[in-house]
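Commentary on secondary and tertiary structure
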Amino acid sequence: MAAGTARSLLIERAEALRHHESVTADSARFVAEHARRTIESADLVLRQAVEAVAERGGADRLGSDADWTVLTRLAAHLPDKGFLWVFDAEGNTRLATLDHPPPTVNVADRSYFQAHEAGAADPHIGPAVHGRASGATIFTVSRALRDGEGRLTGVVMAGLNVSYFTGLYDLLDPRLDPLLGIYRSDGAVLVRRPNMEAAVGMIMRDAPVFERLRNHPAGTVDAVSPVDGVERIVSYRAVPGLPLVVIAGVAREEALAEWRGRAVRSVRFGIGVGAVLLALAAAGWAGLRREDRLARRNSLLATAVEASSNAILVTDATADEPRVLYANRAFETLTGYTAEEIAGRSARILYGPETDERIVAMVRAAVDRDETVAAEAVNYRKDGTTFHNRARIAPVRDAEGRTVAHVAVLWDITDERRREAEERQRQRMEALGQLAGGIAHEINNLLQPIVTLADLNLKQAGQQGGMRGGMPDGVEEDFRDILDSARQCREVVGAVLAFARRESRAAEPLCLAEAVAAALALARNGLPPTIDIRSELRSGEATAPIGRTELTQLLMNLLTNAADAMDGAGTVTVVLELAEAEDGDGRHRPCFRLSVRDHGCGMGEAERLRIFEPFFTTKPPGKGTGMGLSVVHGIVRSWHGTIAVDSTPGRGTMFTITIPATGPAPDHAVGAAPA
Amino acid sequence: MARILLVDDMPMVRKSVGRLLRTEGHTVAEASDSAEARAILEAESIDAVLVDIWMPGGNGLELMRALRAERPGLPVVVMSGGGPQAPLEYSLAVAEADGAAAVLVKPFDNEQLLQVLGRVLDRRVPGQHSPGQH
């Protein structure tokens with residue numbers, strides 16, 4: 001969709017001109033068709049008028065009210081207040097539908113009258129003139145009245161208001177200000193928009209269009225108008241069956257200006273430039289259904305591109321630099337640049353010191369090879385801040401297969417990257433914690449006999465020393481050194497463990513709602529997509545002195561269990577709210593209540609009582625270590641919170657955890673020994 | 001003087017801590033895992049149990065919980081140097097919460113063990129053994 005719209009939105013200069021050529025050609029086709037239908041229907045009225053005059057005994061006999069009524073009814077079939085006149089063989093007015101009785105007007109000097117006198121073919125189409133009676137600018141379609149010998153007995157003339165045609169042409173997009181007109185094949189002007197008044201009476205016989213018309217019934221030329229001196233792209237077309245040619249033109253300047261400002265303008269108006277161009281075929285131009293459909297389609301595409309939540313950027317492939325031709329709204333939001341200010345500038349404005357040059361080079365090479373390329377790099381907003389940009393850049397080709405532009409779809413993956421980094425860090429810390437825990441376990445156990453025996457021997461030596469004959473000289477000091485070293489070793493192990501757990505320590509109060517939301521986002525990645533996590537986090541900005549890593553670990557373990565209990569598909573509901581809990585002394589203390597509910601297989605009472613035991617598992621071998629809920633229990637205990645489980649076989653399980661909002665009292669510290 | 005059951009899978013720990021306790025006048029029975037410990041508890045009268053958490057073939061927490069249920073008056077002191085999978089403080093927090101008379105982080109000082117033992121033996125129901133003095 002983006003590429004299709006981009007294709008119509010952004011075309012290089014020649015392409016823009018060529019595009020206008022096709023638009024003017026289509027417009028000429030329409031104008032020709034409209035002219036043919038209008039004049040043929042006027043001629044039909046004239047044929048009937050000629051018959052009516054003959055029935056009434058010729059032009060000379062006309063003049064009664066009944067005559068006027070008959071011809072006025074016929075004239076009603078002419079477009080837009082057209083009128084009929086009947087003249088006798090001398091050119092005197094015998095009847096006028098607009099004025100009864102008719103004004104005393106002689107038209108013997110008019111070209112159409114003289115043409116009929118000279119035996120011109122019917123119908124005759126006369127050039128634009130100022131109506132002698134009405135003052136309106138009209139052109140004429142007329143037929144001769146002849147007797148049995150073919151002698152001219154009069155003329156029936158239909159006057160067509162030029163404003164009928166120009167009014168229709170005015171419905172077009174005024175920004176393009178197209179030239180549209182109907183001319184006789186000899187160059188006489190019938191209708192011209194704009195500047196009709198200046199063109200009345202002009203004959204364009206020497207204009208390039210009329211030169212080419214002799215050999216080519218339709219075509220497009222670049223031409224400077226003798227009326228207004230404007231250089232235009234002009235399409236012309238002979239009207240089939242009539243001695244007429246129509247033209248449709250767009251000023252070169254307009255076409256290029258429109259092309260230059262296309263990106264910006266389409267953003268401003270929220271419709272695609274393709275639609276702007278094809279507005280020629282829009283309102284009032286019901287005859288051009290194809291153009292209508294195209295305009296509607298382009299408008300839809302452009303609106304869709306604008307509405308896309310992905311930033312979309314189109315750049316000129318024909319320039320030295322990837323100059324921006326179009327940027328959608330999401331791009332503006334992402335980068336802080338407005339479409340107006342980035343239009344015409346190089347897309348490399350998004351690069352900065354942290355942008356990986358190798359990726360830039362890789363992208364450039366792929367673009368040069370005319371390939372679609374995907375890449376991720378640090379990009380810069382207008383305010384200098386950075387974001388991780390995942391871009392996909394594809395060439396936009398014209399009908400001949402030439403690459404005229406590139407369309408880039410940009411994703412802001414900053415959050416994704418940060419979460420990944422956090423998750424990697426968490427996993428590293430977890431792995432380090434496990435490694436350190438394993439080593440510490442071994443060393444601490446090995447240190448136990450050293451400490452115990454050194455201490456014991458020193459004590460015994462001390463007791464015996466009082467009675468003399470304790471340890472040999474120096475040995476007591478050796479034991480003291482051994483004991484000191486063992487204790488120092490214990491400190492080192494403790495420090496390593498503390499380092500490994502650094503992340504999990506509550507350095508500062510944690511906003512639980514925020515932390516739970518982040519943990520759920522993280523857990524989401526590790527669960528099957530068929531697990532729907534719903535959360536209601538109602539604790540606002542309340543904090544508790546607990547570690548983020550522990551909270552994450554806890555939720556991951558509970559959610560993994562829930563997912564397993566539901567065979568990998570179903571809804572898990574996580575609710576966080578503020579509550580009160582009774583402490584050991586019967587006082588009510590503020591706390592958080594965190595519940596995780598699944599609709600899985602549930603469990604019976606016997607299982608329920610054992611789930612927090614290390615190694616206890618109901619999962620098949622290889623599926624779980626049985627440590628998950630034991631760790632959860634340990635984490636909750638370390639917070640001095642509580643955990644309860646409510647479960648019904650076949651219905652589901654809910655874990656409810658309370659977390660003291662103020663943290664444990666100092667005398668509740670875990671462990672009786674220095675670590 | 002008390003009769004203490006020492007449960008740990010590491011012989012050097014049993015040997016050294018056992019020697020300390022005996023030096024202090026206690027009677028010490030040693031077991032290397034839960035099964036051995038249960039056998040001894042069946043056969044002998046024990047005043048307090050000192051049990052490690054991480055052992056092959058079962059863990060000290062399970063034994064501690066079982067004993068809390070079966071012999072509510074028997075104090076169980078849980079000790080651990082940390083485990084390969086669960087952080088030390090989690091295990092000890094669970095142990096404490098689940099009824100361990102005390103918890104000890106290895107390597108503990110002699111004086112620390114003796115104080116803890118003295119305290120838990122003191123807490124026993126009157127009429128049973130009183131802690132020995134040395």
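Residues numbered from 1 in each chain as written. Chains lettered and ligands numbered in written order. Predicted model: local features only at pLDDT ≥ 70, side-chain atom pairs only at ≥ 80, totals over all residues. Heavy atoms only, no water.

1. A look at the overall build of chain A
Our working rule: Strands here mean DSSP runs of E at least two residues long; helices mean DSSP runs of H or I at least four residues long; both are numbered from the N terminus. Partly exposed describes any residue whose relative accessible area lies between the buried limit of under 20% and the exposed limit of over 50%, with all areas from a 1.4 Å probe on protein chains only and scaled to the type maximum. Working rule for contacts: check all heavy atoms of both residues, and any pair within 4.5 Å makes them a contact.
A count of helical and extended segments in chain A gives 20 helices and 23 strands. For chain A, buried positions account for 48% of its 675 residues. Contacts in chain A between residues far apart in sequence, at least 24 positions, make up 57% of those at least 6 positions apart.

2. Some remarks on the confidence of the model for chain B
Rule in force here: On a scale of 0 to 100, pLDDT captures the predictor's confidence in every residue.
The share of residues in chain B with pLDDT of 70 or more is 84%, and the mean pLDDT across the chain is 84. Under a pLDDT of 50 for its full length, residues 127-134 of chain B has, in the predicted model, 17 contacts with residues more than four places off or in other chains.

3. Considering the packing of helix H17 (residues 512-526) of chain A against helix H18 (residues 548-565) of chain A
All names here are of chain A. Using the following cut-off: In this analysis an axis means a line fitted to C-alpha atoms, helices contributing only their contacting stretch, and an angle means the value between N-to-C directions, from 0 to 180 degrees. Angles below 35 degrees are treated as roughly parallel, those above 145 as roughly antiparallel, those between 65 and 115 as roughly perpendicular, and all remaining angles as oblique. In a left-handed crossing the near helix is turned counterclockwise from the far helix by less than a right angle, and in a right-handed crossing that turn is clockwise. Only Asp, Glu, Lys and Arg are considered charged, only Ala, Val, Leu, Ile, Met, Phe, Trp, Tyr, Cys and Pro nonpolar, and every remaining residue, Gly among them, polar.
Direction vectors running N to C along H17 and H18 enclose 50°, while the axes themselves pass 9 Å from each other. Put simply, H17 runs oblique to H18. Every pair of crossing elements has a handedness; the one defined by H17 and H18 is right-handed. Contact residues: Glu-514, Ala-515, Val-516, Ala-518, Ala-519, Leu-520, Leu-522 and Ala-523 in H17; Arg-548, Leu-551, Thr-552, Leu-555, Met-556 and Leu-559 in H18. By residue class, the composition of the contact of H17 with H18 is 11 nonpolar, 1 polar and 2 charged.

4. A word on the sheet that holds strand E22 (residues 642-648) of chain A
Residues and elements named next belong to chain A. Using the following cut-off: Whether two strands pair depends on DSSP finding at least two bridges between them.
One open sheet holds the 5 strands; their spatial order is E18-E20-E21-E23-E22, and the pairing between them is mixed. Only two strands of the sheet have a single partner each, and these edge strands are strand E18 (531-537) and E22. Ignoring which end each strand starts from, the neighbouring axes of this sheet average 20° apart. As paired strands, strand E20 (residues 570-582) and strand E21 (residues 588-598) are joined by 10 bridges and run antiparallel to one another. When the sheet's bridge partners are listed, Leu-576 is paired in E21 with Leu-594.

5. Brief notes about the pattern of salt bridges
Residues and elements named next belong to chain A. Note the following rule: Each reported salt bridge corresponds to a side-chain nitrogen of Lys or Arg within 4 Å of a carboxyl oxygen of Asp or Glu.
Scanning the model with the defined rule gives 35 salt bridges over all chains in all. Here Asp-67 makes a salt bridge to Arg-56, at a shortest N to O gap of 2.6 Å. Linking Asp-67 in helix H3 (residues 65-75) with Arg-56 in the loop between helix H2 (13-55) and H3, this pair joins segments that are 11 residues apart in sequence. The class for Asp-67 is buried, based on a relative accessible area of 5%. Residue classification places Arg-56 among the partly exposed positions, given a relative accessible area of 33%. For Glu-420, the salt bridge goes to Arg-417, with nearest N and O atoms at 3.5 Å. Of the two residues, Glu-420 and Arg-417 both sit in helix H15 (residues 414-465), 3 residues apart, roughly one turn of that helix. Its relative accessible area of 32% is what places Glu-420 among the partly exposed residues. Three or more residues are tied together by salt bridges with common partners; here these are Glu-376, Arg-390, Glu-416, Arg-417 and Glu-420.

6. Regarding the side chain of Ser142(A)
Residue and element names in this part refer to chain A. Going by this rule: A 3.5 Å cut-off defines polar contacts: any pair of N or O atoms within that distance qualifies, except that in protein one atom must be a possible hydrogen donor and the other a possible acceptor, and neighbouring residues in sequence count only when both atoms are side-chain atoms.
The residue Ser-142 is located in strand E5 (residues 137-146) in this model. We classify Ser-142 as buried; its relative accessible area is 0%. A distance of 2.6 Å separates a polar atom in the side chain of Ser-142 from a polar atom in the side chain of His-116. If sequence neighbours within four positions are ignored, Ser-142 has contacts with Leu-46, Tyr-112, His-116, Asp-122, Pro-123, His-124, Val-155, Val-156 and Met-157.

7. Some words on the nonpolar core
Nonpolar side chains in soluble globular proteins tend to end up buried together. Residues and elements named next belong to chain A. Put simply, the test is: Here, the term nonpolar core denotes a set of buried Ala, Val, Leu, Ile, Met, Phe, Trp, Tyr and Cys residues that are joined through side-chain atoms within 4.5 Å.
Among the nonpolar cores identified, the biggest contains 59 residues, and Leu-84, Val-86, Phe-139 and Ile-182 are the most heavily contacted of them. A per-element tally of this core places H2 first, with 12 residues. Discounting chain neighbours no more than four positions away, the residues touching Val-86 are Val-53, Ala-59, Leu-62, Leu-71, Asn-92, Thr-93, Arg-94, Leu-95, Leu-145, Val-155 and Val-156. Core analysis: the second largest hydrophobic core is formed by 42 residues, Leu-554, Met-603, Trp-639 and Ile-659 among them.

8. Quick notes on the sheet that holds strand E7 (residues 179-184) of chain A
Residue and element names in this part refer to chain A. Spatial ordering of the open sheet is given by E8-E7-E11-E10-E9, a layout of 5 strands whose pairing is antiparallel. Pairing within the sheet leaves two strands with one partner each, and these edge strands are strand E8 (189-193) and strand E9 (218-224). Put simply, the sheet's adjacent strands are angled 20° from each other on average, direction ignored. In this structure, E9 lies alongside strand E10 (residues 231-239), joined through 7 bridges in antiparallel fashion. For Ala-218, the partnering residue across the bridge sits in E10 and is Arg-237.

9. Some remarks on the side chain of Asn457(A)
Note that Asn457(A) resides in helix H15. Not counting chain neighbours up to four residues away, the residues in contact with Asn457(A) comprise Met471(A), Phe479(A) and Arg19(B).

10. Quick look at the packing of helix H1 (residues 11-23) of chain B against helix H5 (residues 110-122) of chain B
All names here are of chain B. Running from N to C, H1 and H5 point in directions that differ by 60°, and their axes come no closer than 11 Å. By the angle class used here, H1 and H5 are oblique. Along this stretch, H1 crosses H5, giving a crossing that reads as right-handed. Two secondary-structure elements touch here, H1 through Val-17, Leu-20 and Leu-21 and H5 through Asn-110, Leu-113, Leu-114 and Leu-117. The residue makeup of the contact of H1 with H5, split by class, is 6 nonpolar, 1 polar and no charged.

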